[in-house]
Amino acid sequence: MNFTNRNSDFAALDDLRGSGSRLIVVSGQAGVGKTTLVSKWLRSMTSEFPDGQLYADLRGHSEGKPVGPGEILTQFLRALGVGAPSTDAAELAALWRTLTSDRRVAVMLDNAFTAAQIRPLLLAGPGGLVVVTSRSRLTGLRMQGAGFHQLDALGPDDGVELLTRGIGAGRVADEPLSAQRLVDLCAGLPLAVCLASARLATRPRQSVGAFVEALARDTGGGRLAALEVEGETSVRKALDASYAVLSGGSARLYRTLGVLPVRTFDAMIAAATCGESLDWAERGLDELVEANLVEDVGPDSCRLHDLLRIHAHDRAMEDETSAARDEALRRFCDWCLYTASAAQARLTPVQFTLPRVYAYQPDLPLPFDGDVAALDWLDAHRTQLLDAVRLAAAKGWYDTSWMLVDALWPLFLRLRHYADWIEAYETGLEAARQAGNRAAERQMLNSGAIGLGAAGHTEQALVWYRESLEAAREAGDVRDEGQALLGIGTCHREAGRPADATTHLNRAISVWEGCGYPRGAALARVILGEIALTAGAPDRAAGYFARAHEALVAVNDPHDAARALVLLGRAQARAGSYAEGAARMRAALAVFTESGAAFWQARSLEMLGESAAEQGDGTAAGRYLARAVALFETTSPADALRLGGEG
């Protein structure tokens, strides 16, 4: 929204910062312009925060539950280039404070609900600034030294100035009293004034006075300033007036956006959900932005203000049939499934997947053209994709729900969003069971158990794997039986039970070799090799790794083949063949570097550093380990701290 500059408010914020406040709360009623004011103020100080500016919508007054601090901390840590090492909010907050202790960053926490939402997100260092917007005053933050600024509605002069920007000085000069009356009816809310001026701008021949009379007439006795729920009622007439002059297609798009579960959207989502072309969606969004019904919040991203979401949803409930609303939601879920499945096919082509089924298969270009772009797309749309998983399950589209979870596998495997990984597979497992699809149920159990194990929930992962093993044996699916045995063996290894691990891993190899699945047998041998290496038997470990590497190359699995190769090199170095082992480790490192697998680049460098140290080459060891720490800082902070402490 193109709100007025509010120079006095800028000055008040400057004064608070000048007095030493590193936490500022800007409060005011809905639609008063808090977000716009703070965004413009922070943008004016970009040079003062060279380490960046971060933004998060806490959804304090939106539909659904406010966002928890853990989700925001994970988002912020990744923005700083650090992977979240835990799902525990307290641990994430501690890491956040450590990382920001010497950084000059500005953080905007928009739409907060309580002071408790804010406290875990505060910065530790003296060079940072946190600015909070909220409809509540959040006086509980006084204990944290917060400075407060209450943003009031526009005064008469500022309101008329904002209206003038929308409809031109000539029309305001011709009808000054009507212009003032219009601002009064809008209760000085910038949102309402902008919407009213947009309505007038589309009708250049309509007098301001006639529009004012139309707004003032209300058989219910209310007017725009009669707020029942923080601005919702007062703005409704302005919203209805702006909506009424939209073209048919844009009005339909507006209604459709109102029923979607997403916070932000782009032209691709708009086109897919409406079953239209990309050009159609882009034109519709342009019209909605021009009418101030949609906010353009990024180069490829738009959103509806909270009040507009309510209005758009209400219009959809009144102007669309139940069948039309369900079709839009189903198209949204199918677009998410279609696009995520395409990303999965690029990123993990050797991974076994079950067939996909669509009610409305999209006919749109994919929004990415390479592996890196595919992973970036999955991560950028993670919240939207998880919303689609939940929506499909809630609507009873169970196959769509579990298929979408299955398609998110490379996102979780590579970026380790543990909390989302676990929640998604819990939803997918229940959806597969509701659909009566036993193969999908086993897929959810196995992949979900991997997430539980990776997050440190080893015993719960064992429960899932054992359920999968029982189901696989009931179905006579020996491939899934081997997968469950591999998972059980891995869990026993993580729990420090190598004998139990070896027993189950050998069973997995036997099952997989019996059904002709060499890749699975090779993955089990990689784990057996790691057990042998830990036990101080590098020659035996090298045998496992060499055999696994040969099989993985044969089935064209370059990533896992490189994992086996680097471990083979490490085992050879431990066994006394340093030159040969180091050459293999460097070859594997080159594969990981080319593919962008940062975690395994770091693992390879760590092994090279350890091997060099064993040879007495402290200079090379230090160089390798320093590079490993730098990479671990972005993928596995716990490993970075471990190596940093050792160094």
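Structure: see above.
Keep in mind it's a predicted model, so treat the numbers as computed, not measured. (Residues numbered from 1 in each chain as written. Predicted model: local features only at pLDDT ≥ 70, side-chain atom pairs only at ≥ 80, totals over all residues. Heavy atoms only, no water.)

Thoughts on the overall build of the protein chain
Then, in step 1: Looking only at helices and strands, one finds 32 helices and 8 strands in the protein chain.
Then, in step 2: Here the protein chain, with 647 residues, has 53% of them falling under the buried criterion.
Then, in step 3: Once local pairs closer than 6 in sequence are excluded, the contacts in the protein chain between residues at least 24 apart make up 66%.
Then, in step 4: Entry remark: accessible area of the protein chain is about 26,900 Å², with carbon and sulfur atoms responsible for 49%. (Helix = DSSP H or I, 4+ residues; strand = E, 2+ residues; numbered from the N terminus. Buried < 20%, exposed > 50% of the residue type's maximum accessible area, 1.4 Å probe, protein only. Contact = heavy atoms within 4.5 Å. Areas by Shrake-Rupley, 256 points an atom, 1.4 Å probe, with all protein chains shown as cover.)

Concerning a negative patch on the surface
Then, in step 1: Residues Asp279, Glu282, Asp286, Glu290 and Asp296 make up a contiguous surface patch of negative charge.
Then, in step 2: With respect to the helices, strands and loops of the structure, Asp279 is situated in helix H14 (residues 278-290). (Patch = residues over 30% accessible without salt bridge, like charges linked within 9 Å, V, L, I, M, F, W, Y side chains within 5 Å. Salt bridge = Lys/Arg side-chain N within 4 Å of Asp/Glu carboxyl O. Lys, Arg positive; Asp, Glu negative; His and termini not counted. Charge placed at Lys NZ, Arg CZ, Asp CG, Glu CD.)

Digging into the packing of aromatic side chains
Then, in step 1: All told, the structure shown has 13 aromatic pairs when counted by the stated rule.
Then, in step 2: Relative to Trp600, the ring of Phe599 lies with its centre 6.1 Å away and its plane at 85°, an arrangement referred to as edge-to-face.
Then, in step 3: The partly exposed category is assigned to Phe599, whose relative accessible area is 25%.
Then, in step 4: Site record: aromatic cluster; members linked through ring pairs are Trp409, Phe412, Tyr418, Trp421 and Tyr425.
Then, in step 5: Over the face of the ring belonging to Tyr517 we find Arg479, whose NZ or CZ atom lies 3.9 Å from the ring centre.
Then, in step 6: Arg623 extends its terminal NZ or CZ atom over the ring of Tyr624, reaching a point 5.8 Å from the ring centre. (Phe/Tyr/Trp six-rings, centres within 6.5 Å; stacked < 30°, edge-to-face > 60°. Lys NZ or Arg CZ within 6 Å of the ring centre and 35° of its normal.)

A look at the sheet that holds strand E5 (residues 147-150)
Then, in step 1: Read across the open sheet, the 5 strands follow the order E2-E3-E4-E1-E5; overall the sheet is parallel. Two strands close off the open sheet at either side, each with one partner strand: strand E2 (53-57) and E5. For this sheet, the mean angle separating the axes of adjacent strands, direction not counted, is 15°.
Then, in step 2: As paired elements, strand E3 (residues 106-112) and strand E4 (residues 129-134) share 5 bridges and run parallel to each other. Residue pairing for E4: Val107 is matched across the bridge by Val130.
Then, in step 3: Packing against the sheet, helix H1 (residues 7-18) makes contact with strand E1 (23-27), E4 and E5, and its axis sits at approximately 170° to E5.
Then, in step 4: In this fold helix H2 (residues 34-43) packs onto E1, E2, E3 and E4, with an angle of close to 165° to the strand it touches most, E4. (Pairing = 2+ DSSP bridges. Axes fitted to C-alpha atoms, helices over the stretch in contact; angles between N-to-C directions.)

Remarks on the nonpolar core
Then, in step 1: With 141 residues, the main nonpolar core has Tyr254, Leu257, Phe265, Leu293, Phe332, Leu378 and Leu408 as its most contacted residues.
Then, in step 2: Every residue in contact with Tyr254, bar those within four places of it in the chain, is listed here: Leu239, Tyr243, Leu246, Leu288, Leu293, Leu304, Leu308, His311, Ala312 and Arg315.
Then, in step 3: Judged by nonpolar contacts, the second largest core, of 39 residues, contains Leu13, Leu37, Leu42 and Leu154. (Core = buried A, V, L, I, M, F, W, Y, C linked by side-chain atoms within 4.5 Å.)

Considering helix H12 (residues 248-259)
Then, in step 1: Here H12 contains 12 residues, and its C-alpha end-to-end distance of 17 Å stays within 8% of the 16 Å for a straight helix at 1.5 Å per residue.
Then, in step 2: Burial of H12 is extensive: 9 of the 12 residues sit out of reach of the surface.
Then, in step 3: Among the residues of H12, those classed as buried are Ser250, Ala251, Leu253, Tyr254, Arg255, Thr256, Leu257, Gly258 and Val259. (Expected span 1.5 Å × (residues − 1).)

A few points about the packing of helix H19 (residues 398-407) against helix H22 (residues 438-454)
Then, in step 1: Direction vectors running N to C along H19 and H22 enclose 40°, while the axes themselves pass 11 Å from each other. When the axes of H19 and H22 are compared, the pair comes out oblique. Between H19 and H22 lies a crossing of left-handed hand. Judged by residue contacts, Trp402, Val405 and Asp406 of H19 engage Ala440, Gln443 and Met444 from H22.
Then, in step 2: Broken down by class, the residue content of the contact of H19 with H22 amounts to 4 nonpolar, 1 polar and 1 charged. (Parallel < 35°, antiparallel > 145°, perpendicular 65-115°, else oblique. Left-handed = near helix turned anticlockwise from the far one by under 90°. Nonpolar A, V, L, I, M, F, W, Y, C, P; charged D, E, K, R; others polar.)

Topic: the pairing of E4
Then, in step 1: In terms of burial, E4 is largely enclosed, as 6 of its 6 residues are buried.
Then, in step 2: Side-chain alternation along E4 places Leu129, Val131 and Thr133 on one buried face and Val130, Val132 and Ser134 on a second face that is also buried.
Then, in step 3: One ladder, built from 5 bridges, connects E1 with E4; its direction is parallel. Paired with Val26 across the bridge in E4 is Thr133.

Here's the deal with the pattern of salt bridges
Then, in step 1: Taken as a whole, this structure holds 35 salt bridges when the rule is applied.
Then, in step 2: Notably, a salt bridge pairs Glu320 with Arg255, separated by 2.9 Å at the nearest N-O pair. Of the two residues, Glu320 is situated in the loop between helix H15 (306-319) and helix H16 (322-347) and Arg255 in helix H12; the sequence distance between them amounts to 65 residues.
Then, in step 3: Using a relative accessible area of 13% as the deciding quantity, one classes Arg255 as buried.
Then, in step 4: Residue Arg642 pairs with Asp639 through a salt bridge whose shortest N-O separation is 2.9 Å. Placement of both Arg642 and Asp639 in helix H32 (residues 637-646) is noted, with a separation of 3 residues, approximately one turn of the helix.
Then, in step 5: By relative accessible area, Asp639 is classed as buried at 19%.

Regarding the pairing of E3
Along any regular strand, the residues point their side chains to alternate faces of the sheet.
Then, in step 1: Counting buried residues in E3 gives 7 out of 7 residues, a clear majority hidden from the surface.
Then, in step 2: In terms of strand pairing, E2 meets E3 through 5 bridges, oriented parallel. The residue of E3 that forms the bridge with Tyr55 is Met108.

Some thoughts on helix H17 (residues 371-380)
Then, in step 1: Among the residues making up H17, those that are buried are Ala374, Leu375, Trp377 and Leu378. Axial view of H17: buried residues confined to an arc of 155°, hence all on one face. Along H17, exposed side chains directed more than 90 degrees from the buried face belong to Val372 and Ala380.
Then, in step 2: Residues of H17 that are buried sit in contact with H16, helix H18 (382-395) and helix H20 (409-415). (Arc of directions from axis to C-beta.)

Thoughts on the environment of Ser277
Then, in step 1: Tracing the sequence through the fold places Ser277 in the loop between helix H13 (267-274) and H14.
Then, in step 2: Judged by relative accessible area, which is 37%, Ser277 ranks as partly exposed.
Then, in step 3: The spatial distance from the C-alpha of Ser277 to the C-alpha of Ala267 is 9.4 Å, given a sequence separation of 10 residues.

Here's the deal with the side chain of Thr100
Then, in step 1: Of note, Thr100 is situated in the loop between helix H4 (89-99) and E3.
Then, in step 2: On the basis of relative accessibility, which here comes to 1%, the residue Thr100 falls in the buried class.
Then, in step 3: Here the side chain of Thr100 touches Trp96 through a polar contact of 2.9 Å, landing on its backbone oxygen.
Then, in step 4: Discounting chain neighbours no more than four positions away, the residues touching Thr100 are Leu80, Leu123, Ala124 and Gly125. (Polar contact = N/O pair within 3.5 Å; in protein donor to acceptor, adjacent residues only side chain to side chain.)

Topic: the side chain of Asp420
Then, in step 1: Within the secondary structure layout, Asp420 lies in helix H21 (residues 418-435).
Then, in step 2: Among all residues touching Asp420, those that are not within four sequence positions of it are Arg382, Leu386 and Phe412.

Things to note about unusual backbone geometry
Note on backbone geometry: most residues besides glycine have negative phi, and most peptide bonds are trans.
Then, in step 1: Residue Asn111 is not a glycine yet carries a positive backbone phi of 65°.
Then, in step 2: Backbone geometry places Asn556, a non-glycine residue, at a positive phi of 60°.
Then, in step 3: Topologically, Asn556 is positioned in the loop between helix H27 (538-554) and helix H28 (558-574).
Then, in step 4: Judged by relative accessible area, which is 59%, Asn556 ranks as exposed.

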